[in-house]
Amino acid sequence: MKLKAINTIHAILQEYLTVTHQNYLDYKRLLESKESMGGKISDDEANVLDKLREKYLTAKNGLFEFEQQNW
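Residues numbered from 1 in each chain as written. Predicted model: local features only at pLDDT ≥ 70, side-chain atom pairs only at ≥ 80, totals over all residues. Heavy atoms only, no water.

## What to know about the environment of Gln 69
Inspection of the secondary structure puts Gln 69 in helix H2 (residues 43–70). Here Gln 69 falls in the exposed class, since its relative accessible area comes to 64%. C-alpha of Gln 69 to C-alpha of Lys 51: the two residues are 18 residues apart in sequence and 27 Å apart in space. (Helix = DSSP H or I, 4+ residues; strand = E, 2+ residues; numbered from the N terminus. Buried < 20%, exposed > 50% of the residue type's maximum accessible area, 1.4 Å probe, protein only.)

## Things to note about the pattern of salt bridges
One pass over the full model with this rule turns up 2 salt bridges. Taking the shortest distance from any N to any O, the salt bridge between Asp 26 and Arg 29 comes out at 3.1 Å. Remark: Arg 29 and Asp 26 occur in helix H1 (residues 2–36); sequence separation between them is 3 residues, near one turn of the helix. Here Asp 26 falls in the partly exposed class, since its relative accessible area comes to 37%. (Salt bridge = Lys/Arg side-chain N within 4 Å of Asp/Glu carboxyl O.)

## Description of the packing of aromatic side chains
In total, this model carries 1 aromatic pair according to the counting rule given. Consider the rings of Phe 66 and Trp 71, whose centres lie 6.1 Å apart with planes at 65°: the pair is edge-to-face. By relative accessible area, Trp 71 is classed as exposed at 57%. (Phe/Tyr/Trp six-rings, centres within 6.5 Å; stacked < 30°, edge-to-face > 60°.)

## Things to note about the nonpolar core
With 5 residues, the main nonpolar core is built from Tyr 24, Tyr 27, Leu 31, Leu 49 and Leu 52. Secondary-structure elements contributing two or more residues to this core are H1 and H2. The element best represented in this core is H1, accounting for 3 residues. Filtering out sequence-adjacent residues up to four positions away, Leu 52 remains in contact with Asn 23, Tyr 24 and Tyr 27. (Core = buried A, V, L, I, M, F, W, Y, C linked by side-chain atoms within 4.5 Å. Contact = heavy atoms within 4.5 Å.)

## What to know about the side chain of Glu 45
Tracing the chain through its elements places Glu 45 in helix H2. Owing to a relative accessible area of 18%, Glu 45 belongs among the buried residues under this scheme. In terms of polar contacts, Glu 45 uses its side chain to reach the backbone amide nitrogen of Ser 42, at 2.8 Å. With residues up to four places along the chain from it excluded, the contact list for Glu 45 reads Tyr 27, Leu 31, Lys 34 and Lys 40. (Polar contact = N/O pair within 3.5 Å; in protein donor to acceptor, adjacent residues only side chain to side chain.)

Right, here's the structure in full:
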């Protein structure tokens, strides 16, 4: 039972990591596209990108720590 719970939590953390990484990459591409068309990235947009990156890194570190504690 405990192993099944650990595997389930691990799968959820992996999925969260994947989603947060994809969100970061998609938004980064969107801003790069805007810049390439001559648009300027606002401070708010840059802050959103930073927040998405922080969420991704937090998820990555959380998954790493979970794996270290449970494997």
